[in-house]
Amino acid sequence: MVWLLVVTVGLFGLSVALATFALRDLDRAVSEGDIGRPLSAPKAAGLFVAAQLLPLRQPGGAVTEEGRSFRDCADCPEMVGIRPGMFLMGSPVFEPGRYEHIWDRPPIRRQLKFVNREGPRRLVRIAYPFALARYELTYAEWDRAQDDPDWERLTGLAPRKPERADGAGPDWAVTRIDQIDANAYAAWLSAKTGQSYRIPTEAEWEYAARAGTTTVYHWGDDVGIDNAACRGCSTKWTTDLVGPVGLHPPNGFGLYDMIGNGWEWVEDCFVPWHDPVKTDGSAHVFEDCELVVFKGGTAIAEPWQARAAMRVGPHPYNDGRGSVIRLLREMPAP
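Keep in mind that this is a model prediction, so the values were computed, not measured.

1. Considering the packing of aromatic side chains
Scanning all chains against the criterion turns up 14 aromatic pairs. Ring geometry for Trp142 versus Tyr185: centroids 6.1 Å apart, planes at 25°, classification stacked. Linking Trp142 in helix H5 (residues 139-146) with Tyr185 in helix H7 (residues 179-193), this pair joins segments that are 43 residues apart in sequence. On the basis of relative accessibility, which here comes to 1%, the residue Trp142 falls in the buried class. The buried category is assigned to Tyr185, whose relative accessible area is 1%. What links up through ring pairs into an aromatic cluster is the set Phe87, Tyr128, Phe130, Tyr207 and Phe253. Directly above the aromatic system of Phe114 lies the positively charged group of Arg117, at a separation of 5.7 Å from the ring centroid.

2. As for the packing of H5 against H7
Interhelical geometry of H5 versus H7 gives an angle of 70° and a closest axis separation of 11 Å. Taken together, the axis directions place H5 and H7 in an arrangement best described as roughly perpendicular. Note on packing geometry: the crossing formed by H5 with H7 is left-handed. Along its contact with H5, which presents Glu141, Trp142, Arg144 and Ala145, the element H7 presents Asp181, Tyr185 and Trp188. For the contact of H5 with H7, the per-class residue count stands at four nonpolar, no polar and three charged.

3. Examining the sheet that holds strand E10 (residues 328-330)
If you walk across this open sheet you meet the five strands as E1-E2-E5-E10-E6, and the pairing is antiparallel. The open sheet is flanked by strand E1 (69-70) and strand E6 (197-198), the only strands paired with a single partner. Relative to E10, E6 runs antiparallel, the two sharing two bridges. Across the sheet, Arg198 pairs through a bridge with Leu328, a residue of E10. Each of strand E2 (79-82), strand E5 (130-133), E6 and E10 touches helix H8 (residues 202-210); the most contacted strand, E5, lies at about 75° to it.

Scoring rules and cut-offs
Residues numbered from 1 in each chain as written. Predicted model: local features only at pLDDT ≥ 70, side-chain atom pairs only at ≥ 80, totals over all residues. Heavy atoms only, no water. Phe/Tyr/Trp six-rings, centres within 6.5 Å; stacked < 30°, edge-to-face > 60°. Helix = DSSP H or I, 4+ residues; strand = E, 2+ residues; numbered from the N terminus. Buried < 20%, exposed > 50% of the residue type's maximum accessible area, 1.4 Å probe, protein only. Lys NZ or Arg CZ within 6 Å of the ring centre and 35° of its normal. Axes fitted to C-alpha atoms, helices over the stretch in contact; angles between N-to-C directions. Parallel < 35°, antiparallel > 145°, perpendicular 65-115°, else oblique. Left-handed = near helix turned anticlockwise from the far one by under 90°. Contact = heavy atoms within 4.5 Å. Nonpolar A, V, L, I, M, F, W, Y, C, P; charged D, E, K, R; others polar. Pairing = 2+ DSSP bridges.

So yeah, pure geometry; function would need other evidence.
Encoded structure:
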């Protein structure tokens, strides 16, 4: 058995060395704008193996910066440009909080199928620019759309204003919103502006949320205080309600509340693992998609639920308190 341990340790050491060389090559590719540049098979394999166990670092993460902000109309959501890039998606197997869901929802045997729902961790290349809303969609923005006489014609849905919590102001993130509502708002805004809006894919969302980091949260591995609105995380927001946008510091891309405040809808169907061959930023969708994904935690969520890698799989018609919208706007290639 000793020889097996020696061989295993040696192979992992080789994987770490190959991953180091792979990240060096990827840094160069990012700096030169060649996001699609392939790795050699040994380096790709080494990076994949090492990334399952070690945090490593994000390719090109050292040059993360906030992009240009803009609005397509006076009342449109403020958008922030996100550059093309690569990132390691998911969490390493020893990340704190990765298995809390197993113990949190007994019986444990029924949760074992979710043991790798944040893996396998893999390199994702997003070779196109896009823009993401700086804030979660607010009641003021949602109400303007519902009051538009063209809403039903453009979306196929009757106008709807979900019940608000007492005291909810126009700058609070609109909640009790399902994925159907989110897609309808994106269709309405696209028709109004002539641009292409949608909700992000899970990969696009996590790339934007991490902003060049591999830590549990974009600010570090400890949730700390006053970094986000989640349970016990903030002195600025101490209720379990989805609240005002922008109370806590932004990430490196200038995006607020990517962690905490509300669960944000993405395009993907939910399965209890990542598709290891889907590495281009596109959504994992299929027919008969019963469950979908939302990300980012909420004011009522425990800190482990608000991690960047965390994935939740509700029904697309789940309009419970906590679900919110953050829009993506497709951008032309430079």
